[in-house]
Amino acid sequence: SQFNKKLAAKKIPDYKISYSGYEQVNSEGVYVTVCYILFELPDGRCIPYLWQDGYKISALMNGLNNPQSPYYKAAQLIDKWKNAALRTPKNKLAGVIIDNRCNLGGYMSDLNYVVAPFIKKDLEVMSTRYKEGPGRLEHSVWSPVTIEPSSENRDLASENIPYVVLSNIYSISMGEITTYSISQLPTGYVIGERTYGATGPLL
């Protein structure tokens, strides 16, 4: 987080940055940090990069069009990342990066913001179940989770544009779900370590 904060402030040399922003907000009693950087490569192409330490996008985006909202600036950063990934011409977009390192998880509905815009057909990659009682084995039945394409979407695979997710052993819960979901895309790539293990930590 400290490296990203300095990077967003353009205090670290050797990176050409077209746009950057770093915001920390309190969402429902939990502080969430969002960092968006638009990197520019020597050949003129760009890479939109998004890092957050928790998946609260569904809540933060409620402030997108409200400058009075405490979420407004963070929502603007997320929106800029998505728009850069969706609207940058193919010859100008080198790839898309979402950084799940040290992400403690959050809302499953955030798949609508980080996966749904980049698929053209329904994607079913996992199943979930929930606790139904205090006992160790008291769970619901497994239910499949299907991600539907958002109304505005881009098929990165057909354009052969890589969608890279960064992960580490502190990528937890939604930090793992999004990592796995992106890994299933034709041009989805994972760089990093084995993730945390969610309900049974692998530490």
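Residues numbered from 1 in each chain as written. Predicted model: local features only at pLDDT ≥ 70, side-chain atom pairs only at ≥ 80, totals over all residues. Heavy atoms only, no water.

Draft legend 1. Main features of the overall build of the protein chain. The secondary structure content of the protein chain amounts to five helices and eight strands. Along the chain direction, N to C, the helices and strands of the protein chain fall in the order α-β-β-β-α-α-β-α-β-β-β-α-β. Its C-alpha atoms give the protein chain a radius of gyration of 17 Å, within 12% of the compact-globule value 17 Å for 203 residues. Its C-alpha atoms give the protein chain principal-axis dimensions of about 55 × 40 × 35 Å. Taken over 203 residues, the protein chain has a buried fraction of 49%. A fraction of 64% describes how many contacts in the protein chain between residues 6 or more apart in sequence connect residues 24 or more apart. A total of about 10,800 Å² of accessible surface is found on the protein chain, and carbon and sulfur atoms cover 51% of it. Here the protein chain contributes 21 positively and 19 negatively charged side chains, and the mean placements of these two sets differ by 6 Å. (Helix = DSSP H or I, 4+ residues; strand = E, 2+ residues; numbered from the N terminus. Rg over C-alpha atoms; globule rule 2.2 N^0.38 Å. Buried < 20%, exposed > 50% of the residue type's maximum accessible area, 1.4 Å probe, protein only. Contact = heavy atoms within 4.5 Å. Areas by Shrake-Rupley, 256 points an atom, 1.4 Å probe, with all protein chains shown as cover. Lys, Arg positive; Asp, Glu negative; His and termini not counted. Charge placed at Lys NZ, Arg CZ, Asp CG, Glu CD.)

Draft legend 2. Examining the nonpolar core more closely. With 43 residues, the main nonpolar core has Val34, Trp81, Ile98, Leu111, Val114, Val115 and Tyr163 as its most contacted residues. Among the elements that line this core, the one with the most residues is helix 3 (residues 72-87), at eight residues. In contact with Leu111, other than residues within four places in its own chain, are Ala116, Met126, Val145, Ile147, Met174, Ile177, Thr178 and Ser181. Formed by 14 residues, the second largest nonpolar core is a distinct cluster that contains Leu7, Trp51, Val164 and Leu166. (Core = buried A, V, L, I, M, F, W, Y, C linked by side-chain atoms within 4.5 Å.)

Draft legend 3. The arrangement of the packing of aromatic side chains in detail. Evaluation of the coordinates by the stated rule reveals six aromatic pairs. With a centroid separation of 5.8 Å and an interplanar angle of 50°, the aromatic rings of Tyr15 and Phe39 are classed as tilted. A residue pair is termed long-range when its members are at least 10 positions apart, and Tyr15 in the loop between helix 1 (2-8) and strand 1 (17-27) and Phe39 in strand 2 (residues 30-40) qualify at 24 residues. We classify Phe39 as buried; its relative accessible area is 13%. An aromatic cluster is built from Phe3, Tyr15, Phe39 and Tyr49, whose rings are joined through pairwise contacts. Here the basic side chain of Lys80 rests over the ring of Tyr19, its NZ or CZ set 5.0 Å away from the ring centre. (Phe/Tyr/Trp six-rings, centres within 6.5 Å; stacked < 30°, edge-to-face > 60°. Lys NZ or Arg CZ within 6 Å of the ring centre and 35° of its normal.)

Draft legend 4. Quick peek at unusual backbone geometry. A positive phi angle, near 60°, is found at Lys10, a position not held by glycine. If you trace the backbone, Lys10 turns up in the loop between helix 1 and strand 1. At Glu28, a position not held by glycine, the phi torsion is positive, near 55°. Relative to the helices and strands, Glu28 resides in the loop between strand 1 and strand 2. Residue Glu28 is classed as exposed on the basis of its relative accessible area, which comes to 56%.

Draft legend 5. Spotlight on the sheet that holds strand 7 (residues 163-167). Pairing in this open sheet of six strands is mixed, and the strands run 1-2-3-4-7-8 from one edge to the other. Bordering the open sheet on either side are strand 1 and strand 8 (188-192), each of which pairs with just one other strand. Strand-to-strand twist across the sheet, computed as the mean angle between neighbouring axes with direction ignored, equals 15°. Bridge count for strand 3 (residues 46-52) against strand 4 (residues 96-99) is three bridges, and the pairing is parallel. (Pairing = 2+ DSSP bridges. Axes fitted to C-alpha atoms, helices over the stretch in contact; angles between N-to-C directions.)

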